[in-house]
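Below are the chains, spelled out letter by letter.
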Amino acid sequence: MAGNDTQQILINHSSKDFSNDLSMAAETNENHLLIIEDDQGRKEFSLEHAVYSIGRDRDCNIRLISQFVSRRHATLVRLPREHNSHSYYYRIVDGDAKGKPSSNGLMINGRKMPTHDLKNEDEIVFGPQVRAIYYLLKNTQRSGQTDASEYDITLINPGMTEDIED
């Protein structure tokens with residue numbers, strides 16, 4: 001029972017109001033990405049909200065298609081980094097937001113864990129053939145600047161190519 005209380009505290013710790021999720025992502029120059037593989041293939045989720053429910057239930061924010069996944073398998077919670085108020089990370093917690101754990105738990109980077117602060121390229125296994133990889137993409141460009149390669153085009157002079165009919 002103490003474990004469930006701990007999970008509830010971990011989730012409630014994130015009760016800050018992040019009313020403008022998209023502008024916060026733009027300020028941080030970070031993108032949080034979750035790539036899911038389940039029975040229906042690969043799906044990509046850009047993480048921008050404060051809380052996500054993950055599981056088999058139709059009402060989950062991130063739905064997993066597999067009979068081996070709990071209806072409310074895990075919860076993702078966004079938390080601010082202590083050293084930088086404009087930067088944040090995601091914590092994954094086994095079970096629903098009320099502290100009820102999933103049936104099979106979470107395997108994170110090969111270890112069974114009830115909770116974990118996600119880092120770039122962490123692998124989360126929800127069940128057989130159902131997994132996710134988390135990516136933290138740091139954008140080094142400042143807003144308003146563009147990369148020169150964005151406009152790189154190759155011009156081909158018609159005289160430079162050989163006729164296919166030859």
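This one's a predicted model, so the numbers in the text were calculated from it and none came from an experiment.

A description of the overall build of the protein should follow, citing residues and the corresponding values.
Counting secondary structure elements, the protein contains two helices and eleven strands. When the elements of the protein are put in sequence order from the N terminus, they spell out α-α-β-β-β-β-β-β-β-β-β-β-β. Of the contacts formed within the protein by residues at least 6 apart in sequence, a portion of 48% connects residues at least 24 apart. When the accessible surface of the protein is split by element, carbon and sulfur atoms take 48% of a total near 10900 Å².

Now, about the packing of aromatic side chains: what can you tell me, with residues and values included?
A complete count under the given rule lists two aromatic pairs for this structure. Summarising the aromatic geometry, the rings of Tyr52 and Tyr90 are spaced 6.3 Å apart at their centres and angled 55° between planes, so their arrangement reads as tilted. Of the two residues, Tyr52 is situated in strand β3 (residues 51-55) and Tyr90 in strand β6 (residues 84-94); the sequence distance between them amounts to 38 residues. Here Tyr52 and Tyr90 have matching classes, each one buried. Taken together, a centroid distance of 5.9 Å and an interplanar angle of 80° make the contact between Tyr88 and Tyr90 edge-to-face. Here the aromatic residues Tyr52, Tyr88 and Tyr90 are joined through ring pairs into a cluster of three or more. Here Arg78 stacks its cationic end above the ring of Tyr88, 4.7 Å away from the centre of that ring.

Go over unusual backbone geometry, please, and point to the residues and values.
Even without being a glycine, Asn109 presents a positive backbone phi close to 50°. Phi at Gln129 is positive, roughly 60°, even though this residue is not glycine. Locating Gln129 in the fold gives a position in the loop between β10 (123-127) and β11 (130-138).

I'd like a rundown of the sheet that holds strand β8 (residues 111-112), residues and numbers included.
A sheet is described by the order of its strands in space; here six strands give the open sequence β2-β1-β11-β10-β7-β8, paired in antiparallel fashion. Each end of this open sheet is capped by a strand with a single partner; those strands are β2 (41-47) and β8. In this structure, β10 lies alongside β11, joined through four bridges in antiparallel fashion. Within the sheet, the bridge partner assigned to Gly127 lies in β11 and is Val130.

Tell me about the pattern of salt bridges, and name the residues and values.
One pass over the structure, following the stated rule, counts six salt bridges. For Glu30, the salt bridge identified is with Lys138, shortest N-O distance 3.4 Å. Of this pair, Glu30 sits in strand β1 (residues 30-38) while Lys138 sits in strand β11, and the two are 108 residues apart along the sequence. Residue classification places Glu30 among the buried residues on the basis of a relative accessible area of 4%. With relative accessibility at 56%, the residue Lys138 sits in the exposed group.

Break down the confidence of the model for the protein for me, citing the residues and quoting the values.
Mean pLDDT for the protein: 80, with 66% of residues reaching 70 or above. Per-element mean pLDDT across the protein ranges from 47 in helix α1 (residues 2-12) up to 98 in strand β7 (residues 107-108). In the model, residues 1-26 has pLDDT below 50 throughout and makes 36 contacts with residues more than four positions away in sequence or in other chains. Across residues 141-145, where pLDDT falls below 50, the model places two contacts with residues more than four positions away in sequence or in other chains.

Quick one: what's the story with the pairing of β1, residue by residue and with numbers?
Extensive coverage of β1 is indicated by the burial of seven of its nine residues. The sheet contact formed by β1 and β11 spans eight bridges and is antiparallel. Bridged to Asn31 within β11 is Leu137. Where β1 lies against β2, seven bridges are found, and the strand directions are antiparallel. Residue Asp38 lies in a different strand from β2, and its bridge partner there is Gly41. Hairpin connection from β1 to β2: two residues lie between these consecutive antiparallel strands.

Conventions adopted
Residues numbered from 1 in each chain as written. Predicted model: local features only at pLDDT ≥ 70, side-chain atom pairs only at ≥ 80, totals over all residues. Heavy atoms only, no water. Helix = DSSP H or I, 4+ residues; strand = E, 2+ residues; numbered from the N terminus. Contact = heavy atoms within 4.5 Å. Areas by Shrake-Rupley, 256 points an atom, 1.4 Å probe, with all protein chains shown as cover. Phe/Tyr/Trp six-rings, centres within 6.5 Å; stacked < 30°, edge-to-face > 60°. Buried < 20%, exposed > 50% of the residue type's maximum accessible area, 1.4 Å probe, protein only. Lys NZ or Arg CZ within 6 Å of the ring centre and 35° of its normal. Pairing = 2+ DSSP bridges. Salt bridge = Lys/Arg side-chain N within 4 Å of Asp/Glu carboxyl O. pLDDT = per-residue confidence, 0-100.

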